[in-house]
Amino acid sequence: MTDKSPPVTTSLGFGLNPIAKPSRGKDIAALTERKAKILLIDNDSESRRFMTARLTMANYIVESADSASAALDACVRSRPNLVITDLRLDQTDGLALLSEFKSRWPALVVIIVTAHGTIAEAVQATQRGAFGFLVKPVEKAELLGQVQRAIAASTFTLVEGDWRADIVARSQLMEDRLGLANRAAGSDAPVLLTGENGTGKELLARAIHAASPRRDKPFVAVRCKDALEGALEIELFGRGTAVPEGEPVRVPGAIEAARGGSLLLDEIGYLSPRLQVELVAALSGPSTPGGYAHAAPRAQARLISTTSRDLKKLMEAGEFRQDLYYHINIMPIEIPPLGRRREDIPLLVSHFLEQATEVGGSKKIYSPEAIELLSTTDWPGNVRQLFDLVKQNVALSHGKIMSKEFVERSLGREVKKVPTYDEARDAFARDYLTNNLQSTSGNVSQAARLAKRNRTDFYKLLARYRLEPDDFKNDGAGDRKKSGADD
């Protein structure tokens, strides 16, 4: 009953087998022994290469970026332990980027580097939350010493980053929802996650559990959609089983199995009216062993429900109980469809490409035009549909780069072939000669004069395009061929 599988990834578990992560409470030491990840931001390519080499030789994993937007994408994707950013960037400055980092991820450790350091800038950087301030040219000992101290002070990956590490998003809309989820994680109040199919409701439910004090307790998921009522009743509430020559043994249901942890009721809007009555009783009264109403809050299961159906409309139609609705809807969070967070699509595609590429297989990428097409396409199936398409494209493409035309075909669209220059020229010439002969009723002399060509050259053109003047004479109009139709 208890879901002991690793958390689903951003792909929502659609055919992927994510790598199991060490338990947070079990082995923090093992986590800290991993190579620390550093994001380095500098628009000076020489400076980037120089600092990357020094940090790599010091056994750090380094990812570099040359702009603020690329840095934000990289931070969302790789969740670094430390960010080192230059103060002077092309479209913004390091202090503005620092503020952006701190607004999104308050625990992220940031070091500012500049070639023109002043006391005022250092003070301003510190006030905005920078861990340190380095002046170019940076001495090796000073760089590595400050990096070591910053990473030792970083709790970003282990505390704040882990709970949402599998969620790929950079849009402000999703960041707002993740902020609500993080706040919900600190409470024991029931959470209702709403949104269209394929938006990632279960993924967010698991993230809330991972961010909560219950993270080391069970996470039990129950699917309410497409389940037989009798089987779902046993799964939720358990049953007693007869034992030969002994007392009946009670097999616990999901509500009991999740005690102390989190209970996910996926697509609760499909729960039958009879099971809704039983669930209300189980959540508010002593009908289950231990008495849900009399148990301490932490001893109960923290309830998280998801629905793609409009529960208010179901209530109006008498298909969903009011008391159950108000019990589960204490902390509502709506997950937006993919069409409202299009800026996340390139990041999701990049992540899905990594996930869909087999170990040891050749890595495939989309052309910029294909990425633009994916970002502007309607996705009624949301993230699930996008992942399915990427997985299909990786499996079926023969080349390393997947083109816009390839993606259009996979989306079921007609691809309009652009003719080559020679093809377009020949088509124009054939049409021109055909119209010319039609207007002169096949008279080659008149047609040649209209084309400003001599008869010899004109006959050569007709032979090249397989046109017969006799086919255009008046007496042959009834049997006239549609010139070029069979070419």
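Please refer to the structure higher up on the page.
For the structure given in this document, a descriptive report is provided here.

Conventions used here
Residues numbered from 1 in each chain as written. Predicted model: local features only at pLDDT ≥ 70, side-chain atom pairs only at ≥ 80, totals over all residues. Heavy atoms only, no water. Helix = DSSP H or I, 4+ residues; strand = E, 2+ residues; numbered from the N terminus. Buried < 20%, exposed > 50% of the residue type's maximum accessible area, 1.4 Å probe, protein only. Contact = heavy atoms within 4.5 Å. Areas by Shrake-Rupley, 256 points an atom, 1.4 Å probe, with all protein chains shown as cover. Axes fitted to C-alpha atoms, helices over the stretch in contact; angles between N-to-C directions. Left-handed = near helix turned anticlockwise from the far one by under 90°. Nonpolar A, V, L, I, M, F, W, Y, C, P; charged D, E, K, R; others polar. Pairing = 2+ DSSP bridges. Core = buried A, V, L, I, M, F, W, Y, C linked by side-chain atoms within 4.5 Å. Salt bridge = Lys/Arg side-chain N within 4 Å of Asp/Glu carboxyl O.

1. Details of the overall build of the protein
Each helix and strand counted, the protein has 21 helices and 14 strands in total. Counting only residues that meet the buried cut, the protein has 45% of its 487 residues in that class. Long-range pairs, those at least 24 residues apart, make up 70% of the contacts in the protein with a sequence separation of at least 6. Looking at the protein as shown, the accessible area adds up to about 25,300 Å², and 52% of this sits on carbon and sulfur atoms.

2. Some details on the packing of helix α19 (residues 421-439) against helix α21 (residues 455-464)
For the pair α19 and α21, the least separation of the axes is 10 Å and the interaxial angle reads 115 degrees. The handedness of the crossing between α19 and α21 is left-handed. Within the contact between the two elements, α19 uses Arg425, Asp426, Leu433, Asn436 and Leu437 and α21 uses Phe458, Leu461, Leu462 and Arg464. A class-by-class count of the residues in the contact of α19 with α21 yields 5 nonpolar, 1 polar and 3 charged.

3. Overview of the sheet that holds strand β11 (residues 302-307)
Strands sit in the order β7-β10-β11-β6-β12 across an open sheet of 5 strands; the sheet is parallel. In this open sheet, the two edge strands, each paired with only one partner strand, are β7 (219-223) and β12 (331-334). Mean inter-strand twist for the sheet, computed between neighbouring axes without regard to direction, equals 20 degrees. Contacts from helix α9 (residues 201-211) reach β6 (191-194), β7, β10 (262-266), β11 and β12, with the element oriented near 150 degrees to β6. Running at roughly 165 degrees to β7, helix α10 (residues 229-237) makes contact with β7 and β10 of the sheet.

4. A short note on the nonpolar core
With 46 residues, the main nonpolar core has Ile41, Leu97, Phe101, Ile112, Tyr366, Leu374 and Leu386 as its most contacted residues. Secondary-structure elements contributing two or more residues to this core are β1 (37-41), α3 (68-78), α4 (94-104), β4 (109-114), α15 (345-356), α16 (368-376), α17 (382-396) and α18 (404-410). For this core, the element with the most residues is α15, which contributes 7 residues. For Leu386, the residues in contact, after removing those within four places along its chain, are Leu338, Ile345, Leu348, Val349, Phe352 and Trp379. With 28 residues, the next largest nonpolar core counts Phe237, Leu275, Ala282 and Phe320 among its residues.

5. Description of α9
Along α9, 10 of the 11 residues are buried, which leaves the element largely enclosed by surrounding structure. Lining the buried residues of α9 we find α8 (172-185), β6, β7, β10, β11 and β12.

6. Focus on the pattern of salt bridges
As enumerated under the stated definition, the model contains 17 salt bridges in all. Where Glu46 meets Arg49, a salt bridge forms, and the shortest distance between an N and an O atom there is 2.2 Å. Highlighted residues: Glu46 and Arg49, both in helix α2 (residues 45-57), separated by 3 residues, approximately one helical turn. Note that Glu229 and Arg274 form a salt bridge whose closest N and O atoms lie 3.7 Å from each other. With Glu229 in helix α10 and Arg274 in helix α12 (residues 273-284), the pair connects residues that are 45 residues apart, well separated along the chain. When salt bridges with common partners are traced through the structure, they connect Glu229, Glu233, Arg274 and Glu278 into a single cluster.

Remember that the coordinates give geometry; whether it matters functionally is a separate question.
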